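What follows is each chain in one-letter form.
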Amino acid sequence: MPIRRDLWRVVVFVLFAAALFLPAIRIDRHHSAVGLVCIELGWWTVPWYANLLLVLGLISLGIGWNGVALTLGVFAVFVALTTFIYVRVDELQAGFYVWLASLVAFTIACARRCVRT
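Quick caveat: nothing in here was measured; it's all calculated off a predicted structure.

Reading guide: rules and limits
Residues numbered from 1 in each chain as written. Predicted model: local features only at pLDDT ≥ 70, side-chain atom pairs only at ≥ 80, totals over all residues. Heavy atoms only, no water. Pairing = 2+ DSSP bridges. Helix = DSSP H or I, 4+ residues; strand = E, 2+ residues; numbered from the N terminus. pLDDT = per-residue confidence, 0-100. Core = buried A, V, L, I, M, F, W, Y, C linked by side-chain atoms within 4.5 Å. Buried < 20%, exposed > 50% of the residue type's maximum accessible area, 1.4 Å probe, protein only. Contact = heavy atoms within 4.5 Å. Phe/Tyr/Trp six-rings, centres within 6.5 Å; stacked < 30°, edge-to-face > 60°. Axes fitted to C-alpha atoms, helices over the stretch in contact; angles between N-to-C directions. Parallel < 35°, antiparallel > 145°, perpendicular 65-115°, else oblique. Left-handed = near helix turned anticlockwise from the far one by under 90°. Nonpolar A, V, L, I, M, F, W, Y, C, P; charged D, E, K, R; others polar. Salt bridge = Lys/Arg side-chain N within 4 Å of Asp/Glu carboxyl O.

## Describing the pairing of strand β1 (residues 23–26)
Here is step 1 of the chain: In terms of strand pairing, β1 meets strand β2 (residues 32–34) through three bridges, oriented antiparallel. What sits directly across from P23, in β2, is V34.
Here is step 2 of the chain: As consecutive antiparallel partners, β1 and β2 are separated by five residues.

Structure follows, in structure tokens:
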């Protein structure tokens with residue numbers, strides 16, 4: 001019998017890694033900050049803490065606390081959405097949306113694990 005693997009975790013990692021190297025926010029007319037810069041300098045804003053919730057969710061998922069991981073994933077998405085308090089929509093670029101998609105994919109992965117168990 002073949003081993004069935006859940007690819008949602010792979011999707012989460014690929015999306016998050018891609019978001020690190022894509023332009024995430026426009027600084028001025030000719031310059032943008034990539035995700036790595038946002039990770040490095042964004043710790044003083046609320047949306048940055050969605051990354052911390054993601055890490056805690058990954059740890060929870062790894063040790064089998066699927067419900068806790070799902071809760072952290074949902075909170076991470078809502079914390080990430082506070083970005084709209086700090087910047088205008090037209091300043092956000094592809095990296096932000098890919099990062100947000102990675103958080104949503106993580107939440108979906110957790111929900112799928114909760115349903116299966």
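There is more to say, and it comes next.
## Some remarks on the confidence of the model for the protein
Here is step 1 of the chain: When pLDDT is averaged across the protein, the result is 88; 95% of the residues are at 70 or more.
Here is step 2 of the chain: No element of the protein has a lower mean pLDDT than β2, which averages 80, and none a higher one than helix α4 (residues 66–80), which averages 96.

## A word on the nonpolar core
Here is step 1 of the chain: Ranked by size, the top nonpolar core spans 22 residues in total, and within it A50, A80, W99, L103 and F106 carry the most contacts.
Here is step 2 of the chain: The dominant element in this core, judged by the number of residues it contributes, is helix α6 (residues 94–116), at eight residues.
Here is step 3 of the chain: Ignoring sequence-local partners within four residues, the contact set of F106 consists of V12, L54, G57, L58, L61, A69 and G73.

## A word on the packing of aromatic side chains
Here is step 1 of the chain: Overall, the coordinates contain four aromatic pairs when judged by the stated rule.
Here is step 2 of the chain: Taking the centre distance of 5.0 Å and the plane angle of 85 degrees together, the rings of W48 and Y49 count as edge-to-face.
Here is step 3 of the chain: Each ring, one from F96 and one from W99, has its centre 5.9 Å from the other, and the planes form 50 degrees; the classification is tilted. Here F96 and its partner W99 are both found in helix α6, three residues apart, which amounts to about one turn of the helix. Accessibility assignment for this pair places F96 and W99 in one class, buried.
Here is step 4 of the chain: Among the aromatic residues, those joined into a ring-pair cluster are F84, F96, Y97 and W99.

## Quick look at the packing of helix α3 (residues 49–62) against α4
Here is step 1 of the chain: Here α3 crosses α4 at 165 degrees, and the two axes come no closer than 8 Å. Overall, the two elements α3 and α4 adopt an arrangement that is roughly antiparallel. Remark: the crossing between α3 and α4 carries left-handed chirality. Note on element contacts: α4 touches α3 through N66, V68, A69, L72, F75, A76, V79 and A80, opposite Y49, A50, L53, L56, G57, S60 and L61.
Here is step 2 of the chain: Looking at the contact of α3 with α4 residue by residue, the classes come out as 12 nonpolar, three polar and no charged.

## As for the side chain of T83
Here is step 1 of the chain: Following the sequence through the fold, T83 ends up in helix α5 (residues 83–86).
Here is step 2 of the chain: The buried category is assigned to T83, whose relative accessible area is 9%.
Here is step 3 of the chain: Those residues in contact with T83 that lie beyond four places of it in its chain are P47, L92, F96 and W99.

## Points about the pattern of salt bridges
Here is step 1 of the chain: Within this structure, the stated rule accounts for three salt bridges.
Here is step 2 of the chain: Of the charged contacts, one joins R88 and D90 as a salt bridge, the two residues approaching to 3.2 Å between their closest N and O atoms.
Here is step 3 of the chain: In this structure D90 comes out as partly exposed when scored by relative accessible area, which is 44%.
Here is step 4 of the chain: A salt bridge links E91 to R88; the shortest N-O distance between them is 3.5 Å.

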